[in-house]
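Results of the structural survey
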Amino acid sequence: MGGRRFWSWLWITLGALYFLVPLYATLHFSLQAKRGTLSLLAYQNVLADPQFYRTFAFSLQMAAATIVTGIVLIVPTAYWVHLRLPKLRPAVELITLMPFVIPAVVLVFGLIRAYSRPPLLLVSSPALLVAGYTVLSLPYMYRAVDTGLRAVDVRTLTEAAQSLGAGWPTILWRVILPNLRVAVLSGSFLTLAIVVGEFTLAALLAWPAFGPYMALLGQNRAYEPAALAIMSFGLTWLAMGVILWIGRGRQGGPSELSGTH
Amino acid sequence: MPSRRVLGDWLGVVPFFLFAVAFIFWPAMALFVGAFRDAQGGFTLANIVALFQPFILDAYWLTIRVSLVTAVGGGIFGFLVAYAAILGGLPRGVRTALTTFSGVASNFAGIPLAFAFIATLGRVGMVTVLLRDVFGLNIYDRGFNLYSFWGLSLTYMYFQFPLMVLIISPALDGLRREWREAASNLGASNVQYWRYVALPILLPSLLGTMILLFGNAFGAYATAYGLTGGSLNLIPILIGQQVRGDVLHNPGLGYALALGMVVVMAVSIAAFSWLQSRTSRWIRRGA
Amino acid sequence: MAFLELVGLTKTFGATVGVEAVDLAVERGEFVSLLGPSGCGKTTTLRMIAGFEQPTAGRILVGGEDITARRPNQRNIGMVFQAYALFPNMTVADNIGFGLKVARRPAAEIRARVSELLALIKLEEMGDRYPHQLSGGQQQRVALARALAIRPQLLLLDEPLSALDAKIRLSLRNEIRAIQRQLGITTLYVTHDQEEALSLSDRVVVMNRGRIEQVGSPFEIYNFPHSHFVASFVGTLNILPAEVVDPDAGIVRAAGQRIAAAPGLPGIAAGDRVMLALRPELLTLNRSEGMDNHLEGEVETIAFLGSIVRIQVRVQDALIALDEFNNPNLDLPAIGDSVAFGFPREACLILDGSG
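Predicted model, so just to flag it, every value in this text is computed and none were measured.

1. Comments concerning the overall build of chain B
Within chain B, the regular secondary structure consists of 13 helices and zero strands. The order of α-helices and β-strands along chain B, N terminus first, is α-α-α-α-α-α-α-α-α-α-α-α-α. The dimensions of chain B, computed from C-alpha atoms along their principal axes, are 80 × 70 × 30 Å. A total of 287 residues make up chain B; the buried ones form 57% of that total. Here the analysis covers contacts within chain B between residues at least 6 apart in sequence; of these, 71% occur between residues at least 24 apart. With the model as given, the accessible surface of chain B reaches about 12000 Å², and the carbon-plus-sulfur share is 69%. In chain B, 18 positive and 9 negative side-chain charges are present, and the distance between their average locations comes to 9 Å.

Given below as structure tokens:
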């Protein structure tokens, strides 16, 4: 028994080291901008750069637009599939899993080819970026909402609302959505975490987003990228923390899968 | 009246399907069609044939190697870590912590991950320096390079093994204590239990998840770009370059490249879901 | 000497005691049930015999040999689990042959033994099926065959029927007993169902809070329970607080009446507080001739339980249940009626007042 415990701790320790050593190294590196002393200079430089705010704000806007688009597309669809069209479930699930089949780099390639010629000239519109991000966030948003719908008794809620004379828009907006708040928020924060640091789509569609900004900084600076990596990691933690916090006390909390690499 | 009702039902999902057609299938079709078109717009198989030139085969081969190594390596490592946390007799808190960390780590990819590994294993990275100054081992003299195959693989492992932990945990939960007890009761040693019972039960999930990891690494662009700045001859990097400017001097070849990638991914996802359904059938109804 | 002996077997989990100083001797070929409510230590006792739990103190002897320190896979003890625990990745035949396979028996021998056991459990056609293709009852029969395939010296069954529905439970229960008789294998059977324990066993061990309350044949356990706990767990007894009036004549006072119990109550003096237990099936409605005792009360509820009708009568503070065999000519009272009922001395059991 003691032997088994030993091996367990060994593997857990190795896993923890793999996880923590790069983080520690990055943190350490980010504090060395001033020769011979630890300082926050790299962070100050980053925070003093107007480009940082501009790109970060742009990515936040894109994330917000993506989240809204995702909710508008997914919530009614998932609800309908639950209530009226269970036959469509496999098709809907397959579509939401498409980003796993079509990697971001291929998706953006296809989007550019499909929408770079009149009359479908969309490449220069941020709408195409938002559409691409929405595709990438489909699996997470759909899974979150689907789990949420399973947890509440959609049919009974709907029938109760109908018997009280509510119409469909009222039912969706006033009855279903409030009951899905936790699920929708989980999906939203996961989307936020994915979109804000996203590089592939933003870079290849040539948008001044946060991801390309980080990449550019990485080519020109030494310590600032490490500082950015730490900040971006903190952001991911924050998003996960919020998801865990809003989902606390619920059974089978959100299971996060990886996003865009 | 019924037909109106049916129509109403479908109206509810129309926006979703329209979106899917416009932003998934139509672009995919555009690539697909492009892969079979020549410069004049006629049908051709030349682009597919052109995939088999050494330069592109090398790229496919390197991408496959990186994906395979990180899928198998990350898969086995992730499995051992998850097994230790779930069935290793450790306090419950270890598992909760592991799940949370894995959720974060599997999402911590792309440019920041590349920066983190540069700070760790780059030429002046902390671990590199530590190994050189304390252990007298200069890994860069020994042929290691963060911006080459092994460096890239180690970096990918950072999101690969946590993903394995997340996906394999339910399968490990499904491994029932009674199976071990029944086996031991019937005279089986620990090794025999693993060989005849536990491993065969877990194998579909293990293989399936590794295939998923394979696809995950195969399509990764941002991390590779952040690390190597596009100097490594990987398929996603090639596609990225083709998007930025026609570096292959043949748009059709670019589309064929993307098509080849989608085929690899589709096959791996199909294999994943097939293997996954096989295990869940055992675990759900094998009670 | 007994075949299986438990000597002072004790298991503590941290501060709580799971099993406390259990002594038990089981003869070769005997079918013994461990009966008790959940948490009484019966399953822990079984798991210690199988080797899945290490006792805190005490010894386990099989055939005179001390196996306490042996690993589970060195004990040659067959076990059937509550939730079947069949290996889902193997066919029925492979499940049954598993023990022989890991013992590296020749393939021909395994094949022969498997078909022998498939015949025994009457599933000859099912050898190639997978567990998830079988019903619960079939799965449990396969689990039994798997445990028997290794020719264990001892068979342990841990609530093997509790996951099944009532009809299957009854038929499988009889099948288990028939197979056990046929093979003459020493068997320990854990259950919380008193009917199961009484109908199957040569002897029943009633356990409570980690201790053995009473060991005896089903007849003894049912008719002569030693304690309040055994009496109430094994049957649907009416328990009334009583006061001893005349220990030599066996007279007590309960529900405001003098009641004649068995004469010559040992170790009890006049004025002692005791418990009087009455079996519902020995109380007869509206009949007092030839009866030693006679009580009156008001009918509170009437419940049809199939072959019997249970009538609850309020006698002062006590609510007493009477069981009547159901028949179409039964002349039942209505709720609220005043009724009288009689019972012989033998229907009374005196239990010590502490329980």
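On we go from here.
2. What about the pairing of strand 12 (residues 251–254) of chain C?
Residue and element names in this part refer to chain C. Sheet topology note: the strand 11 (residues 238–246)/strand 12 ladder contains three bridges and is antiparallel. What sits directly across from Glu-243, in strand 12, is Arg-253. Count of turn residues in the strand 11/strand 12 antiparallel hairpin: four residues, of which Gly-250 carries a positive phi of about 75 degrees. The sheet contact formed by strand 12 and strand 13 (residues 257–260) spans four bridges and is antiparallel. Bridging from a neighbouring strand, Ala-254 pairs with Gln-257 of strand 13.

3. Comments concerning the packing of helix 2 (residues 41–48) of chain A against helix 13 (residues 224–246) of chain A
All names here are of chain A. Across the interface, helix 2 lies against helix 13 with an axial gap of 8 Å and an inter-helix angle of 80 degrees. Considering the angle they form, helix 2 stands roughly perpendicular to helix 13. Within the contact between the two elements, helix 2 uses Ala-42, Tyr-43, Asn-45, Val-46 and Leu-47 and helix 13 uses Glu-224, Ala-227, Leu-228, Ile-230 and Met-231. For the contact of helix 2 with helix 13, the class distribution of residues is eight nonpolar, one polar and one charged.

4. Some remarks on unusual backbone geometry
Residues and elements named next belong to chain C. Positive phi outside glycine occurs at Ala-21, with the angle close to 45 degrees. You can see Ala-21 is positioned in strand 2 (residues 16–26). Despite not being glycine, Tyr-84 shows a phi value in the positive range, around 65 degrees. As for its position among the elements, Tyr-84 is in the loop between strand 6 (77–80) and helix 2 (92–102).

5. A few points about the sheet that holds strand 19 (residues 338–343) of chain C
All names here are of chain C. Read from one edge to the other, the open sheet built from five strands follows the order 15-19-16-17-18, with strand pairing classed as antiparallel. Strands with a single pairing partner mark the edges of an open sheet, and in this sheet they are strand 15 (284–285) and strand 18 (318–325). As paired strands, strand 17 (residues 308–315) and strand 18 are joined by eight bridges and run antiparallel to one another. Residue Val-315 lies in a different strand from strand 18, and its bridge partner there is Ala-318.

6. A short note on the environment of Gly75(B)
All names here are of chain B. Position of Gly-75 among the secondary structure elements: in helix 4 (residues 54–87). Separated by 29 residues in the primary sequence, Gly-75 and Ala-46 have C-alpha atoms spaced 38 Å apart. For Gly-75, the contacting residues outside a window of four places in its chain are Thr-70, Met-164, Met-210 and Leu-213.

7. A look at the arrangement of the chains
Taking contact number as the criterion, the leading pair out of two pairs of chains in contact is chains A and B. Where chain A comes nearest to chain C, the C-alpha atoms are still 12 Å apart, and the two do not contact one another.

8. With respect to the interface of chain A and chain B
If you look at the interface, chain A gives 76 residues, while chain B gives 81 residues. For the interface between chain A and chain B, the tally reads zero salt bridges. Here the residues of the side of chain A that touches chain B sort into 53 nonpolar, 18 polar and five charged.

9. Describing the confidence of the model for chain A
Summarising the model, chain A shows a mean pLDDT of 86, and 93% of its residues fall at 70 or more. Residue range residues 251–260 of chain A is modelled with pLDDT below 50. Its contacts to residues more than four positions away, or to other chains, number 29 contacts.

10. Remarks on the nonpolar core
Among the nonpolar cores identified, the biggest contains 217 residues, and Ile239(B) and Phe98(C) are the most heavily contacted of them. When sequence neighbours within four positions are dropped, the list of residues in contact with Ile239(B) reads Val105(A), Val106(A), Phe109(A), Leu257(B), Ala258(B) and Met261(B). In this structure, Leu100(C), Leu118(C), Leu172(C) and Ile176(C) belong to the second largest nonpolar core, which totals 34 residues.

11. Quick word on the interface of chain C and chain B
The interface of chain C with chain B comprises 27 residues on the first partner and 23 residues on the second. Between chain C and chain B, roughly 2300 Å² of surface is buried when both sides are summed, and carbon and sulfur atoms account for 59% of that area. Joining chain C to chain B, the criterion identifies one salt bridge. Arg47(C) serves as the salt-bridge partner of Glu181(B), at 2.6 Å between the closest nitrogen and oxygen. Listing elements by their share of the side of chain C that touches chain B, those giving two or more residues are helix 1 (42–50), strand 6, helix 2 and helix 4 (136–149) of chain C. Here the side of chain C that touches chain B takes four residues from helix 2 of chain C, the largest share from any one element. Each residue belonging to the side of chain C that touches chain B can be placed in one class, and the counts come to 17 nonpolar, six polar and four charged.

12. Some points on the side chain of Thr128(B)
You can see Thr128(B) is positioned in helix 7 (residues 126–135). With near-sequence residues (within four places) excluded, Thr128(B) lies in contact with Thr120(B), Leu121(B), Gly122(B), Arg123(B), Ile139(B) and Tyr140(B).

13. Focus: the pairing of strand 3 (residues 31–35) of chain C
All names here are of chain C. Burial analysis of strand 3 places five of its five residues in the buried class, the great majority of the element. What you see with strand 3 is no split at all: Phe-31, Ser-33 and Leu-35 on one side and Val-32 and Leu-34 on the other are buried throughout. With five bridges joining them, strand 3 and strand 8 (residues 187–191) adopt parallel strand pairing. If you follow Leu-35 over to strand 8, its bridge partner there is Thr-191. Where strand 3 meets strand 9 (residues 203–208), four bridges bridge the pair, whose relative direction is parallel. Bridging from a neighbouring strand, Val-32 pairs with Arg-203 of strand 9.

14. Side note on the sheet that holds strand 12 of chain C
Residue and element names in this part refer to chain C. Across the sheet, five strands lie side by side as 13-12-11-14-20; this open sheet has antiparallel pairing. Either end of the sheet is taken by a strand with one partner, and the two such strands are strand 13 and strand 20 (348–352). With strand direction ignored, the average angle separating the axes of adjacent strands in the sheet is 45 degrees.

15. Observations regarding the pattern of salt bridges
A complete count under the given rule lists 22 salt bridges over all chains for this structure. The salt bridge partner of Glu53(C) is Arg47(C), with a shortest N-O separation of 3.2 Å. With respect to burial, Glu53(C) and Arg47(C) carry one shared label: buried. The closest approach of N and O atoms between Arg273(C) and Glu243(C), which form a salt bridge, is 3.7 Å. In this pair, Arg273(C) is assigned in strand 14 (residues 273–278) and Glu243(C) in strand 11, connecting sequence segments 30 residues apart. What makes Glu243(C) partly exposed here is its relative accessible area of 32%. Bridged by salt links that share partners, the residues Arg89(A), Glu93(A), Asp146(A) and Arg150(A) form one connected network.

Conventions adopted
Residues numbered from 1 in each chain as written. Chains lettered and ligands numbered in written order. Predicted model: local features only at pLDDT ≥ 70, side-chain atom pairs only at ≥ 80, totals over all residues. Heavy atoms only, no water. Helix = DSSP H or I, 4+ residues; strand = E, 2+ residues; numbered from the N terminus. Buried < 20%, exposed > 50% of the residue type's maximum accessible area, 1.4 Å probe, protein only. Contact = heavy atoms within 4.5 Å. Areas by Shrake-Rupley, 256 points an atom, 1.4 Å probe, with all protein chains shown as cover. Lys, Arg positive; Asp, Glu negative; His and termini not counted. Charge placed at Lys NZ, Arg CZ, Asp CG, Glu CD. Pairing = 2+ DSSP bridges. Axes fitted to C-alpha atoms, helices over the stretch in contact; angles between N-to-C directions. Parallel < 35°, antiparallel > 145°, perpendicular 65-115°, else oblique. Nonpolar A, V, L, I, M, F, W, Y, C, P; charged D, E, K, R; others polar. Salt bridge = Lys/Arg side-chain N within 4 Å of Asp/Glu carboxyl O. pLDDT = per-residue confidence, 0-100. Core = buried A, V, L, I, M, F, W, Y, C linked by side-chain atoms within 4.5 Å. Buried area = accessible area lost by both parts, 1.4 Å probe.

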